[in-house]
Amino acid sequence: MRASKAIKSVLRAATSSVGPDARNGSKNGHKPYRYSAFDLLRHGFSQADWPRAWSKHDLKSSYDVVVVGGGVHGLATAYYLAKNHGITNVAVLDKGYIGSGGSGRNTAIIRSNYLTPEGIRFYDRSVKLYEILSADLNYNVMFAQRGHLTLAHNDGSLRTMRWRAEVNKLEGVDSEVIGPDEIKKLVPFIDTSEDVRYPILGALYHPPGGIIRHDAVVWGYARGADAQGVHIHQNTEVTGIDVADGRVEGVKTSQGDIATRVVVNCTAGWSTLISEMAGVRMPISTFPLQAAVTEPVRPFLDPVIVSGTLHVYVSQTDRGELVFGASVDPFTSYSMRGSLEFTEGLAGHVLELMPSLAKMRLLRQWSGLCDMTPDFSPIMGVTPVDGFFLDVGWGTYGFKAGPVSGETMAELVATEKSPELIVPFGLERFERGALMGEKGAAAVGH
């Protein structure tokens, strides 16, 4: 009892000197809450109600911009529209809760060691934004740049790794090909012996790569967008898009109709369905992508490990869990159910790399939806319908591009000019035959 009274006394004294901005936010109701360490303790012991990270608003009858999709791409687009261009009359719509789609179902690996110069420049800008995101949003997104290893098991793969390394270096991205001995130093538990079915001949080592807390990224962008005046509407499904004379005029939703001249499609899995509402067809197929996680163990794995030959990747979270994934399922579907076939195949391939993991228990598995284009690159930019913009077709690598996609799409909407970074990813490239082949750097997904 005495200890409890003493703690409360200390907390009252500590928080009595904390200004109103730290305790209650600014007077305009939009600035994000900034808490001192003592505020956090006070809330923890007093069981006081925490303020909402983002506000709940009634759906207005009109908005300047409507963003469809409440994942990292949609929220980042809204955030940068407000922050960089002063466009705050923006609605973000999601048929579920914020981050319930691909942003909440991915394995949160960040890298920029792609194959084409255009892809490398684009993803490198995203890595740079992720590096400063915690400070920008005043929200810890837990970005851990532990390195990224793409393994080569045959001569052909090794040639591709060397090709990627040289293109990366030309674009100023830190990547190099290393041998089995160096790989063993980075990952002592990996099997680099020669008497295995798929011997490791080398790897593309990318030190800036790593993992991030995907939920924190989504929540940080949502809070930041809300603080700028953006309206976030959860459980609001888009049921139609009004187009007249080749121009967007409004959006129909499960909560009512919205008049708007600008719609940005930032959906994953259902991107073709949303685009068809506006009369825009896209060369996209939707595939399930499964992943799994083990029980937590003491940290032993720093880099992310990817094997295209074995169709597997593995990383370890800050909590000690091992996160596994593979390539997309071999059939188009909107199903998000896991399968025993996936688990068995995944476990076998992981054990080929690290046999010592045999006794670890699998806790759970899940699935998400991936929109795949023919050239494994996204579709970004304008469409034949004025006011209807695309940020879709991200396949298995959309979370890596969240910040740069939001930044560039916001610039496109605000200035009506396509930023140089996204010009190569326009929808019209399929008609011109100017495809952006990234399969060599994205075939396994991570």
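Residues numbered from 1 in each chain as written. Predicted model: local features only at pLDDT ≥ 70, side-chain atom pairs only at ≥ 80, totals over all residues. Heavy atoms only, no water.

### Looking at the pairing of strand E13 (residues 285-294)
And then number 1: Within E13, nine of the ten residues are buried, which leaves it mostly tucked inside the rest of the structure.
And then number 2: As paired strands, E13 and strand E17 (residues 362-372) are joined by ten bridges and run antiparallel to one another. By the bridge assignment for E17, Thr294 is matched with Leu362.
And then number 3: Looking at chain direction, E13 and strand E16 (residues 322-325) are connected through three bridges and run antiparallel. (Buried < 20%, exposed > 50% of the residue type's maximum accessible area, 1.4 Å probe, protein only. Helix = DSSP H or I, 4+ residues; strand = E, 2+ residues; numbered from the N terminus. Pairing = 2+ DSSP bridges.)

### Observations regarding unusual backbone geometry
And then number 1: Of note in this structure, Met142 is not a glycine but carries a positive phi near 55 degrees.
And then number 2: In this structure Met142 comes out as partly exposed when scored by relative accessible area, which is 33%.
And then number 3: Of note, Asn235 is a non-glycine position whose phi angle comes to about 55 degrees, a positive value.
And then number 4: As for its placement among the helices and strands, Asn235 is situated in the loop between strand E8 (231-233) and strand E9 (238-244).

### A closer look at the side chain of Asn106
And then number 1: Residue position: Asn106 is located in the loop between strand E2 (90-93) and strand E3 (109-110).
And then number 2: A polar contact is formed between the side chain of Asn106 and the backbone oxygen of Ser103, at a distance of 2.8 Å.
And then number 3: Only 2.5 Å separates the side chain of Asn106 from the backbone nitrogen of Ala108, close enough to count as a polar contact.
And then number 4: Not counting the four nearest positions on each side in its chain, Asn106 is found in contact with His214, Trp366 and Phe399. (Polar contact = N/O pair within 3.5 Å; in protein donor to acceptor, adjacent residues only side chain to side chain. Contact = heavy atoms within 4.5 Å.)

### Structural notes on the packing of helix H5 (residues 117-137) against helix H11 (residues 402-415)
And then number 1: Look at H5 against H11: their axes get within 7 Å of each other, and the N-to-C directions meet at 105 degrees. On the basis of their axis angle, the class for H5 and H11 is roughly perpendicular. In contact with Phe122, Arg125, Ser126, Leu129 and Tyr130 of H5, H11 contributes Gly402, Pro403, Val404, Ser405, Glu407 and Thr408.
And then number 2: Partitioning the contact of H5 with H11 into residue classes produces five nonpolar, four polar and two charged. (Axes fitted to C-alpha atoms, helices over the stretch in contact; angles between N-to-C directions. Parallel < 35°, antiparallel > 145°, perpendicular 65-115°, else oblique. Nonpolar A, V, L, I, M, F, W, Y, C, P; charged D, E, K, R; others polar.)

### Structural notes on H5
And then number 1: In this model H5 runs 29 Å from its N-terminal to its C-terminal C-alpha over 21 residues, within 8% of the 30 Å that 1.5 Å per residue would give.
And then number 2: For H5, the principal kink sits at Glu131 and spans about 45 degrees.
And then number 3: Of the residues making up H5, those classed as buried are Gly119, Ile120, Phe122, Tyr123, Asp124, Ser126, Val127, Leu129, Tyr130, Leu133 and Leu137.
And then number 4: Among the structural elements, helix H4 (72-85), E3, helix H6 (155-170), helix H8 (214-227), strand E18 (379-381) and H11 are those in contact with the buried residues of H5.
And then number 5: In the stretch just after H5, Asn138 is the one whose phi turns positive, near 55 degrees. (Expected span 1.5 Å × (residues − 1). Bend = angle between axes of the 7 residues up to and from the residue.)

### Some thoughts on the side chain of Asp94
And then number 1: If you trace the backbone, Asp94 turns up in the loop between E2 and E3.
And then number 2: Side-chain polar atoms of Asp94 contact the backbone nitrogen of Gly70, separated by 2.8 Å.

### Side note on a nonpolar patch on the surface
And then number 1: On the surface, a cluster of nonpolar side chains totalling about 300 Å² of accessible area is made up of Phe38, Leu41 and Phe45.
And then number 2: Note on placement: Leu41 falls in helix H3 (residues 37-46).
And then number 3: A relative accessible area of 41% means that Leu41 is categorised as partly exposed. (Patch = residues over 30% accessible without salt bridge, like charges linked within 9 Å, V, L, I, M, F, W, Y side chains within 5 Å. Areas by Shrake-Rupley, 256 points an atom, 1.4 Å probe, with all protein chains shown as cover. Salt bridge = Lys/Arg side-chain N within 4 Å of Asp/Glu carboxyl O.)

### Looking at the packing of aromatic side chains
And then number 1: As enumerated under the stated definition, the model contains twelve aromatic pairs in all.
And then number 2: With a centroid separation of 5.1 Å and an interplanar angle of 70 degrees, the aromatic rings of Tyr79 and Tyr80 are classed as edge-to-face. Like Tyr79, the residue Tyr80 is buried in the burial classification.
And then number 3: Accessibility expressed as a relative area gives 3% for Tyr80, which makes it buried.
And then number 4: Through a chain of ring-to-ring contacts, three or more aromatic side chains come together here, namely Tyr114, Phe122, Tyr123, Trp394, Tyr397 and Phe425.
And then number 5: Here the basic side chain of Lys95 rests over the ring of Trp270, its NZ or CZ set 4.1 Å away from the ring centre. (Phe/Tyr/Trp six-rings, centres within 6.5 Å; stacked < 30°, edge-to-face > 60°. Lys NZ or Arg CZ within 6 Å of the ring centre and 35° of its normal.)

### A few points about the pattern of salt bridges
A side chain with one charge may pair with a side chain of the opposite charge, provided their charged atoms come close.
And then number 1: Tallying each qualifying case throughout the model produces twelve salt bridges.
And then number 2: For Asp136, the salt bridge is made with Lys83, and the minimal N-O distance between the two is 3.8 Å. Of this pair, Asp136 sits in helix H5 while Lys83 sits in helix H4, and the two are 53 residues apart along the sequence.
And then number 3: The class of Lys83 is partly exposed, set by a relative accessible area of 39%.

### Considerations on the sheet that holds strand E1 (residues 65-68)
What holds strands together in a sheet is hydrogen bonding between their backbones, with the strands either parallel or antiparallel.
And then number 1: Reading across the sheet, the six strands line up as E8-E2-E1-E12-E19-E18 and stay open at both edges, with mixed pairing between neighbours. Looking at which strands have only one partner, the edges of the open sheet turn out to be E8 and E18. With strand direction ignored, the average angle separating the axes of adjacent strands in the sheet is 20 degrees.
And then number 2: Relative to E8, E2 is paired through three bridges, and the arrangement is parallel. Across the sheet, Ala91 pairs through a bridge with His231, a residue of E8.
And then number 3: Sheet contacts for H4: E1, E2, E8 and strand E19 (388-392); angle to E2, the most-contacted strand, approximately 170 degrees.

### Section: the environment of Gly104
And then number 1: Residue placement: Gly104 occurs in the loop between E2 and E3.
And then number 2: Taking the C-alpha atoms as reference, Gly104 lies 9.3 Å from Val72; in sequence the two are 32 residues apart.
And then number 3: With near-sequence residues (within four places) excluded, Gly104 lies in contact with Gly99 and His214.

### Here we look at H8
And then number 1: In a regular helix each residue adds 1.5 Å, so 14 residues correspond to 20 Å; H8 covers 20 Å between its end C-alpha atoms and thus fits that length.
And then number 2: Among the 14 residues that make up H8, twelve are buried, leaving the element largely enclosed by the rest of the structure.
And then number 3: With its phi angle positive at about 105 degrees, Gly229 sits one or two positions after the end of H8.

### Some points on the packing of H4 against H5
And then number 1: Following both chains from N to C, one finds H4 and H5 inclined at 65 degrees, their axes separated by 14 Å at the closest point. For the pair H4 and H5, the sense of crossing is left-handed. Every residue of H5 that contacts H4 at Val72, Tyr79, Tyr80 and Lys83 is listed here: Leu129, Tyr130, Leu133, Asp136 and Leu137. (Left-handed = near helix turned anticlockwise from the far one by under 90°.)

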